[in-house]
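# Report on the structure
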Amino acid sequence: MEFDYCCVHGLLAIKEAGYEAIMLNCNPETVSTDFDMADKLYFEPVYWEHVRELIEYEKPAGVIVQLGGQTALKLAEKIKDMGVEIIGTSFDSMDIAEDRGRFSDMLKDLGIPYPEYGTAWTVDEAIEVANRVGYPVLVRPSYVLGGQRMRIVINDEEVEKAVVSLLKHIPGNKILIDHFLDRCQEAEVDAIFDGENFHVMGVMEHIEPAGIHSGDSHAMLPAFNLTPMEVTTMEHYAEKIARALNIKGLINIQFAIKDGNVFVIEANPRASRTTPFIAKAYQIPYLNIATKVMLGANKLTDFKFEKNLKGFAIKEPVFSFDKFPNVNKELGPEMKSTGEAIRFIKDLKDPYFRQLYKDRSMFLSK
């Protein structure tokens, strides 16, 4: 219920900032749809038709899309076209981060390292790009949740198969093909930017190698095996990207580290599933703070950040393979977990962690 946590704290912050809080959600399992959370609750499917009717009826001062995951983010363009303010980061900035090609072009301009890439619209273009950047490659669409239709492929035939499948299920989508950094370390940074000040909420290091979707990886907070130089470089790149994108509110950036070099894989201009994990681990109400920053009610300098974490916190993915016995259990760039849990350990001598670290490559698909 990661985004439920985000929405609940967002609602409370909206009320504290003196606004009426309206919630649109259709999940009965969530706290954000409890009758006493929002001032007004619309229990409707999160589809454009319902959102449009609600906007026409309520005429809101603005809409927050950063707290509802990819589903909410996908509606941002239509909301903007209706002339309604998107609170926080602008649609164009979100689009740069979500459009794989535009984002890589921006990294090039900023002088930030990233894997070699190219974009394609057809199978022939995709094969040409794959040969240019060098196998193995990661074939991925833009604007998707949970690594949908992402594939790591090793030859022309597999590129063709992946692209045909992708275009069949998501027609007209721009495809990014980038060189896959094999056997490298993956890490991510969650941060808040208010237009002037930048605050790193947390640096998490993935236990599994790159190639497994971040939602399926175990992540350690704080990082345990990265050098101070690598962590500082990640934070520096994260701030550069936040400033270039004019972020107002939350951003999540994923990195690959190979031979001491830090590469940027992608950025999400929204609350990620690790944001509540960090807030709980450090005992800081980050979502409340981020929402007030989006609304312009506060600056980051108005808050004190005291991180209370003794030892380490591990983000554990939760899988439902028992309920779906015939599902392929190999992990790859497409997400298979259905939730996550948090585990606290005192130090790296913890037997659970040692076993986890030993088995870290066991479940990686080809």
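Residues numbered from 1 in each chain as written. Predicted model: local features only at pLDDT ≥ 70, side-chain atom pairs only at ≥ 80, totals over all residues. Heavy atoms only, no water.

## Things to note about the pattern of salt bridges
A complete count under the given rule lists 14 salt bridges for this structure. Between Glu-16 and Lys-292 there is a salt bridge, and its shortest N-O distance comes to 2.6 Å. You can see Glu-16 sitting in helix α1 (residues 2-16) and its partner Lys-292 sitting in helix α11 (residues 286-295), a full 276 residues away along the chain. For Glu-16, a relative accessible area of 52% translates into the label exposed. Three or more residues joined by partner-sharing salt bridges are found here, namely Glu-20, Lys-40 and Glu-58. (Salt bridge = Lys/Arg side-chain N within 4 Å of Asp/Glu carboxyl O. Helix = DSSP H or I, 4+ residues; strand = E, 2+ residues; numbered from the N terminus. Buried < 20%, exposed > 50% of the residue type's maximum accessible area, 1.4 Å probe, protein only.)

## What to know about the nonpolar core
Core analysis: the largest hydrophobic core is formed by 35 residues, its most contacted members being Leu-67, Ile-192, Leu-221, Leu-250, Ile-278, Tyr-286 and Leu-287. Per-element tally for this core: the top contributor is α11, with seven residues. Excluding anything up to four places from it in sequence, Leu-287 contacts Tyr-5, Cys-6, His-9, Leu-67, Leu-250, Ala-271, Thr-275 and Pro-276. (Core = buried A, V, L, I, M, F, W, Y, C linked by side-chain atoms within 4.5 Å. Contact = heavy atoms within 4.5 Å.)

## Overview of the sheet that holds strand β9 (residues 219-221)
Across the sheet, which stays open at both edges, the seven strands sit in the order β11-β10-β7-β8-β9-β12-β13 with antiparallel pairing between neighbours. Of all the strands in the sheet, just β11 (261-268) and β13 (339-345) have a single pairing partner and so form its edges. In this sheet, neighbouring strand axes are inclined to one another by 30° on average, regardless of whether the strands run parallel or antiparallel. Inspection of the sheet shows strand β7 (residues 185-193) paired to strand β8 (residues 198-206) by seven bridges, in the antiparallel sense. Residue Asp-190 lies in a different strand from β8, and its bridge partner there is Gly-202. Contacts between helix α9 (residues 228-244) and the sheet are confined to β7, β8, β10 (249-258) and β11, with β10 contributing the most and set at about 135° to the helix. (Pairing = 2+ DSSP bridges. Axes fitted to C-alpha atoms, helices over the stretch in contact; angles between N-to-C directions.)

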